Every structure is written in C-alpha cells, then in structure tokens.
Amino acid sequence: MVEMTEQTSQRERLESAASTEVIIELAGVNKWFGEFHVLRDINLSVHRGERIVVCGPSGSGKSTLIRCINRLEEHQEGLIAVDGVTLDKNLKHIDQIRSEVGMVFQSFNLFPHLTVLENLTLAPIWVRKMPKAEAEEIAMQYLERVKIPEQADKYPGQMSGGQQQRVAIARALCMSPKIMLFDEPTSALDPEMIKEVLDVMIELAGTGMTMLVVTHEMGFAKTVANRVIFMDGGEIVEQNEPEEFFNNPESDRTKLFLSQILLH
Amino acid sequence: MTAIASDQDTGQKKAPKIQISVLSWLRENLFSTWYNVVFTVIGIYIVYAVITALWDWGFVNAVWEAKDRRDCFNINKARGQPPGACWAGVTTWMTNFMYGRYPRTELWRIDLGGILLAIWMAPIWLPRVKGKIIIAFSVVFLYPFLAGYLFSGGERGVFMQVMVSAAIVMLTAIVVHSLISLITGRTLPALLVSALGLAALSEKMQRNALLALAALAFALVFWWQSGWLVPEVNWVNWGGLFLTLVISGIGIAFALPGGITLALGRRSKLPVVRVLSTGFIEIFRSVPLITVLFMATTMFPLFLPEGFILNKLVQVIVAVCLFNACYMAETVRAGLQAIPKGQYEAAHAMGLGYWQMMGFVVMPQALKYMIPNIVGSFIGLLKDTTLVSIIGLFDFLSMLRAVSQDVPWRGLHYEPIMFGAVVFFILCASMSKYSRHLEIKLGGGANR
C-alpha cells in the first residue's frame, strides 16, 4: 500500500503531459533477420516529451524496435522518421538522427581504456567540436546530476554496475539529445543497484525528456510512463496508459504475460 | 525455531604462512618415486655432460687471438689441450660481421646513425616527457631521410636537403624538449611562449608564432647543411648486421601501419576496397618469402615505367614490407574482432565517425590484445631477413658463412654460426622481453 501511494504521488508530479507534436514516427515497419520476421507491421507515433515503456517476453522484438530508431539495425520495409528526418540509407540523415538520439545499453558499453570524464567528453569534443574546457564543464554538471561527480577520474572497471550505468546515462546526455532510448538498462544490475539507476531515469523524466524504455521494471512503468506498449512475436499487441494496462489488460496474450511476471 | 543471527562482522583473519624448505621441495618434485629418481639422475647427467663439453670447447680450450686457423691448432697443441673454439676468426672478422664491406673510414656514419636513433627514441620511454606520439611519428617519417643520407652519402637534391634539414630541426627540438621536461616539467612550446612573452596572445596567435620560429630554425639549418657533404657509399657495399637491421627496421616500421590499413580494408563495406585488400593479403600469405624475394628482384622491373630503375636493395625492402604488412593485417583483424560489438554500437550511437571510432575507441583497445602477435611477427621478420643472403645481398648471415671461404680461416664453420646465434638470441629475446613488459603495462590479456 505504501508503494502505491508513493508511485501515485510521483505520478502526479510527472503529469506534465506529453505534447501533441510527433517526434518519432514508425509506419508499416517490417524487419527480417535472414528469414526470421522479427518486426511485423509496426505502427507507432511517439510525441515530444512522452515517456513510453516497451515490455514483452524475450524474442518479441522490443530491443530490435528501438535499435532500428537509431539505425543500429536496418529495417527492410516501412518508414521511420525522427524529428522530421527520414531514416534511410543516406548517411547524412543517419548522422543527424544519431546526434539527436541518445542510447543507454544493457551492458553499459563504456570505453574501458578512458576515464569517466574522457568517456563523457569524447563525443562533444570530436563530434560537436566543443573546446575541451567547455566539454569538461558540461560533463561535470551531468556527473553531478547522476550523483557521482567524485568518480570523474576513475576508470569504468573500478566502479560498480550501478555507477557504470549512471555514467552511461550521463554520457548519452552530454550530447544534449532530444530523445533517449533505454535498452533494458537495469537488466544486468544487481538488485540493490537497480534503484539508483531508476531514480536517475525518473529525475530525467521529470525534465520533459522524450524517453523510450525497454524494461521489465513495472514499478518504473507505473511511476513514469505515459504509455505502456506490450510486444509479442514482433507485433505491438496492446498499448495503453499504465493504470489501464495493468488493471484492465484487454488481449489474452497481455493477460498471460502479466500473470507470469511479478508486479512490484 | 530460534533464529540464527550475527550482527557483528568478525573481520578478516591473516592467512597461515606456508613454509616450504628446499629439501622438501626436492623430495616432492624430483625424488618422489623410484622412477623419478632415475629420471632425475639421468637428466642431471645429460645437463652436466652438455654444459661441460660446451664450456671446455668454448672457453677453457678456446683461442682468442691467432693469425689463422692453423695457428689456432698450434696454440692448442702447445698448451697441451684438445682443439677448442677458434674465436680468433670471429674477432678478426667482427667489422665485416657488423658493417659488411662498408669503407672502414666511413664506419662512424653508421655508428652516428644508430646513436641518433637511440637519442631520438629515448624520450618515448622517459616518464615526464609529453608529446610521445608526435615523437614516434617523427621517428617514422623523418629519421629515415637523415639516416638514409648518412648511410649512402653523395650529392643530394633539393627534396633530400629539405627532409634532412627538417629531421635535424626536429631532433634538436625533441632533445631540448626532453631536457626541459625532465628538469622543469614543462613542454618546449610552453617554455618558448613564456620566454618570448607571448602568453598574452590568443592560442592561435601563439601557434603561429611558434611555427614562424620553427620555419626560421629550418631556414638556418637548411643554409648550414647545404655545404655539408659526405662521400658516397654505394648500397652494394652495405652488409652485415647493419644491412640486416636496415631491412628489418624498415620492414617493422612499415608493417604495422600497412597491416592496419589492409585489415581495415578487408573489413570495409566498400566492395572494391574489400576485394583488393583480401586478394592482396591472401596472395602474399600463400607464397613463401623467398619466392616473393625472387619475384621482386626479377619481375619488379617489368611493372615499372620505362627508365625507372630500382636497385636491388629497394626491391628487397619493398618485398619485405609488403609481405609483413599482410601477416600483420591478419593479426590486426584478429584484434579488431576481439572487441565486443557493444563498443562499436556505443560509438555509433554517440555519432562518432568511422575514423574517430577506430582511432579513439577500437584501436587503443585492440592493440593491447595484438601485442604478443605483433612482436612475434617482428621477431620473425628479423630472422627472415637472413633470406636475402640467397639473392645476393651480403647481410649478417652471409658474412658469417663467408668466414669459412676466407683463405686463412678455411673450414671455420661452427664459431661464426655460434656467434651469430648468440647475436640473434640477444636481439630476439630482448624484443620478446619488451613485449611481455608492454603487455603487463597495458594490462591486456590474462597477465599470467
């Protein structure tokens, strides 16, 4: 009961509703891995400022879906447009989109041979051509936001998983993206470290960032999401507001999935 | 049921010390069973027999100074010893071993070249010196011109004069910079900026001022060295360990960048680049080095435009460089494949371009996996250069074998070859040791 109240009050604070402007558009997207049809006719519109949680059983194509958005995977059919730029083979478009979309990975993917500060300033200095001092200042600001400014000169291998993931989030934020994609950000973490990462993501949501999160953390979905999308077998089976989604699931597949996972 | 709970952290206890005495180690490892005792005794006897035989032949009965081989035998006889090693042949031929048929009055040029290389590269290992990458690049791109002129001599055209001047300026700057860094901890540019009172200017103006200063130094050196000439020494007279080191040095310097280029080409998405790189690598790897050397010296001239003549030494060096670049390419490719895909993805997701990703993220991580193989290739390259003796270049090995053809030293086979083996062992073992040191320092691999 205590949890529900905490979540509802956090929800109320985050009710800054998403705008109506569409920032990511997926229309009729189909993707195959060889002969395997992994994304089937995906239609999705994400609005600016919206927070979407994508859930589903493994192999349902949720990671593939968000990886198509920044071209880490190529879709064979359909249209993907991010902030008005169509995602196709044109390298300029891909670079444009990648500079506006930040991604956080399940396995953190920090660069182990660089310090935390160097990890954060690498892209701003070499892609945005920022002077080093300015990039380091911005990096330190983000490190303070994720609450680990004292780790700036450490190497990723010297930190815990939760700290590494928070550095990864800060690294993505240093490029000032408009959209943040999260691919199971807490799945590789020990349970006691999940909370610190989720807190950072909740705080990020409060600033109005458009977020697309693939996760199994349903508590996070209830607190932060405007929309929960359930995927199974490459299709979007159901999408709804979290309240409705968890309490009144419509499809049988959704009901089956919800019965199998612990809702905490 | 009563709960079992402990609130206190009992703390760590010290691990027990295990004492192993020498006797118990011997008993356990060498004399544990009766057949182990037998093997140990036989092993000890074999080691003893070999070592005493070598020691007697190589040191006790050896003759260090003699006029010729017959003289060696006579000295042994006079001393009442069985025949020992005739090291006198090696010592009298030492200059030939080291320098080949290089004119004896000009040997100082080779020594100077070696000393300059040592001075040029030393700052890379000094801890307080900054700008190590610039120093390394300057060694690869400027030193060859300076050394090339020192070794061959003769008239030099404008291009050569420019490069030699640039090399001299760079070397002086590096030496001064290293001394300043060691003593005061500042870099040369920083010192110049404060000494000339330029600190107030913007960064761009400071850089321009320093460049102007460099250009002035260059002009001075150019004027100074234009009157400076050394007599020409034809490459035919280059030989011995000097020639071996020149060929393998150039081969080593080229193999790594060439290998990286070919490896990236092989992994490229552009089909023409990929096919050309793969074809190149596979052809050179399918053919023995000796065949490549033969083909280079006979067929190379056919591919070149009219009137463009390359001397044999250059043909051989080109062949060795290309051959080793191909082997290095496969080593580099293995290292690239060892990098987890997530690193590439994170770099892509951040918007890093291809060369930025390779230079900042992938290569630094991949190189430390490749070190054992890279240094192994270098060691192989050093030893493979002995093949050039077959096509008529008088490298170290051919000098060693030429001793037994010399009239006073007819039949002296073992001593020069053993000497050569010791020299190669020292060179290769040093490289191997250094590679191990690099591995530990860069922290790659299992570090065991």
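This one's a predicted model, so the numbers in the text were calculated from it and none came from an experiment.

> What am I meant to see in the overall build of chain A here?
Of the regular secondary structure elements, chain A holds ten helices and ten strands. Relative to its length of 264 residues, chain A is compact, with a C-alpha radius of gyration of 18 Å against a globular reference of 18 Å. Each principal axis of the C-alpha atoms in chain A carries an extent, and together these give about 55 × 50 × 35 Å. A buried classification covers 54% of the 264 residues belonging to chain A.

> Can you help me understand the overall build of chain B in this one?
Looking only at helices and strands, chain B has 18 helices and zero strands in total. Whereas a compact globule of 448 residues would reach a radius of gyration of roughly 22 Å, chain B reaches 29 Å, over 25% beyond that. For chain B, the spread of C-alpha atoms along the principal axes amounts to about 100 × 80 × 55 Å. For chain B, the proportion of its 448 residues judged to be buried stands at 36%. Long-range pairs, those at least 24 residues apart, make up 68% of the contacts in chain B with a sequence separation of at least 6. For chain B, the accessible surface area stands at approximately 26,700 Å², while carbon and sulfur atoms represent 69% of it. Placing the 35 positive and 21 negative side-chain charges of chain B at their respective mean positions leaves the two points 6 Å apart.

> How should the side chain of serine 165 of chain B be read in this particular structure?
Residue and element names in this part refer to chain B. If you trace the backbone, serine 165 turns up in helix α8 (residues 158-184). The exposure class assigned to serine 165 is buried, which follows from its relative accessible area of 0%. At 3.4 Å, the side chain of serine 165 and the side chain of glutamine 225 are in polar contact. With near-sequence residues (within four places) excluded, serine 165 lies in contact with Phe218, Val221, Phe222 and Gln225.

> What is the right way to read the interface of chain A and chain B from this model?
Interfaces are frequently sized by the accessible area removed from exposure as the parts join. Contacts between the two partners involve 18 residues from chain A and, on the opposite side, 16 residues from chain B. Between chain A and chain B, the buried area comes to about 1,600 Å², and carbon and sulfur atoms account for 64% of it. Contact with chain B buries surface across chain A, with Arg98, Phe111 and His113 of chain A losing the most and accounting together for 31% of the total. Taken together, chain A and chain B are joined by one salt bridge.

> In this structure, what is going on with the packing of helix α11 (residues 240-266) of chain B against helix α14 (residues 312-337) of chain B? I would like to understand it.
All names here are of chain B. Here α11 crosses α14 at 45 degrees, and the two axes come no closer than 5 Å. Judged by the angle between their axes, α11 and α14 are oblique. Both α11 and α14 take part in a crossing whose hand is right-handed. Split by residue class, the contact of α11 with α14 holds 22 nonpolar, four polar and three charged.

> Looking at this structure, I do not really get helix α6 (residues 107-121) of chain B. What am I missing?
Residues and elements named next belong to chain B. Given a rise of 1.5 Å per residue, 15 residues ought to cover 21 Å, and the 22 Å separating the end C-alpha atoms of α6 matches this to within 8%. For α6, the full list of buried residues reads Leu107, Arg109, Ile110, Gly113, Leu116 and Trp120. Where α6 is buried, its residues touch α5 (94-99), α7 (132-152), α8 and α11.

> For this particular structure, what's the right way to read the pattern of salt bridges?
Pairing is possible between side chains that carry opposite charge, provided their charged atoms lie close to one another. All names here are of chain A. Inspection of the entire model under this criterion finds 23 salt bridges over all chains. Close ionic contact of arginine 71 with glutamate 74 constitutes a salt bridge, the shortest N to O distance being 3.9 Å. The exposure class of arginine 71 is buried, given its relative accessible area of 10%. Glutamate 74 gets classed as partly exposed once you look at its relative accessible area, which sits at 42%. In this structure, aspartate 83 engages lysine 178 in a salt bridge whose closest nitrogen and oxygen atoms are separated by 3.0 Å. You can see aspartate 83 sitting in the loop between β4 (77-82) and β5 (85-86) and its partner lysine 178 sitting in the loop between α6 (161-173) and β7 (179-183), a full 95 residues away along the chain.

> Explain the environment of valine 104 of chain A to me, please; I cannot follow it from the model alone.
Residue and element names in this part refer to chain A. As for its placement among the helices and strands, valine 104 is situated in strand β6 (residues 101-104). When the C-alpha atoms of valine 104 and arginine 171 are compared, they prove to be 8.9 Å apart, with 67 residues separating the residues in sequence. Excluding its chain neighbours within four sequence positions, the residues that come into contact with valine 104 are Gln165, Ala168, Ile169, Ala172, Met180, Leu181, Phe182, Asp183 and Pro185.

> Please explain the sheet that holds strand β10 (residues 235-240) of chain A as it appears in this structure.
Backbone-to-backbone hydrogen bonds join strands into a sheet, with any given pair of strands oriented parallel or antiparallel. Residues and elements named next belong to chain A. Read across the open sheet, the six strands follow the order β6-β7-β8-β3-β9-β10; overall the sheet is mixed. Sheet topology places β6 and β10 at the edges, where each strand pairs with a single neighbour. Sheet twist, expressed as the mean angle between neighbouring strand axes with direction ignored, is 20 degrees. Here strand β3 (residues 51-55) runs beside strand β8 (residues 210-214); their pairing, made up of four bridges, is parallel. Within β8, the residue paired with valine 54 across the bridge is valine 214. Against the sheet, helix α2 (residues 62-69) touches β3, β6, β7, β8 and β9 (227-232), its axis set at about 150 degrees to β7.

> In this structure, what is going on with the sheet that holds strand β2 (residues 36-47) of chain A? I would like to understand it.
All names here are of chain A. Strand order across the open sheet formed by four strands is β2-β1-β4-β5, with antiparallel pairing between neighbours. The open sheet has two edge strands, β2 and β5, and neither has a second partner. In this structure, strand β1 (residues 22-33) lies alongside β2, joined through eight bridges in antiparallel fashion. Across the sheet, residue tryptophan 32 finds its bridge partner in β2, namely histidine 37. With respect to the sheet, α2 is in contact with β1, β2 and β4, its orientation differing from that of β1 by roughly 120 degrees.

> Got a minute to help me understand the packing of aromatic side chains in this structure?
Enumeration according to the criterion identifies 27 aromatic pairs over all chains in this entry. Seen from their ring centres, tryptophan 126 of chain A and phenylalanine 360 of chain B are 4.6 Å apart, and the 35 degrees between their planes marks the pair as tilted. Residue tryptophan 126 of chain A is found in helix α4 (residues 116-126), and its partner phenylalanine 360 of chain B is found in helix α16 (residues 354-384); the two belong to separate chains. Assessed through its relative accessible area of 38%, tryptophan 126 of chain A is described here as partly exposed.

> Looking at this structure, I do not really get the nonpolar core. What am I missing?
What tends to happen in soluble globular proteins is that the nonpolar side chains get buried as a cluster. Leu26 of chain A together with Tyr102, Trp120, Phe151, Trp238, Ile247 and Leu336 of chain B are the most contacted members of the largest nonpolar core, which totals 110 residues. If you count residues domain by domain, this core takes at least three from each of domain 2 (103-232) and domain 3 (236-448) of chain B. Contacts of tryptophan 238 of chain B, omitting those with residues within four sequence positions, involve Tyr102, Phe151, Ser152, Val233, Leu243, Val246, Leu313 and Phe394 of chain B. Judged by nonpolar contacts, the second largest core, of 47 residues, contains Ile169, Met211, Phe220 and Leu258 of chain A.

Cut-offs and rules
Residues numbered from 1 in each chain as written. Chains lettered and ligands numbered in written order. Predicted model: local features only at pLDDT ≥ 70, side-chain atom pairs only at ≥ 80, totals over all residues. Heavy atoms only, no water. Helix = DSSP H or I, 4+ residues; strand = E, 2+ residues; numbered from the N terminus. Rg over C-alpha atoms; globule rule 2.2 N^0.38 Å. Buried < 20%, exposed > 50% of the residue type's maximum accessible area, 1.4 Å probe, protein only. Contact = heavy atoms within 4.5 Å. Areas by Shrake-Rupley, 256 points an atom, 1.4 Å probe, with all protein chains shown as cover. Lys, Arg positive; Asp, Glu negative; His and termini not counted. Charge placed at Lys NZ, Arg CZ, Asp CG, Glu CD. Polar contact = N/O pair within 3.5 Å; in protein donor to acceptor, adjacent residues only side chain to side chain. Buried area = accessible area lost by both parts, 1.4 Å probe. Salt bridge = Lys/Arg side-chain N within 4 Å of Asp/Glu carboxyl O. Axes fitted to C-alpha atoms, helices over the stretch in contact; angles between N-to-C directions. Parallel < 35°, antiparallel > 145°, perpendicular 65-115°, else oblique. Left-handed = near helix turned anticlockwise from the far one by under 90°. Nonpolar A, V, L, I, M, F, W, Y, C, P; charged D, E, K, R; others polar. Expected span 1.5 Å × (residues − 1). Pairing = 2+ DSSP bridges. Phe/Tyr/Trp six-rings, centres within 6.5 Å; stacked < 30°, edge-to-face > 60°. Core = buried A, V, L, I, M, F, W, Y, C linked by side-chain atoms within 4.5 Å. Domains from an automatic or database assignment.

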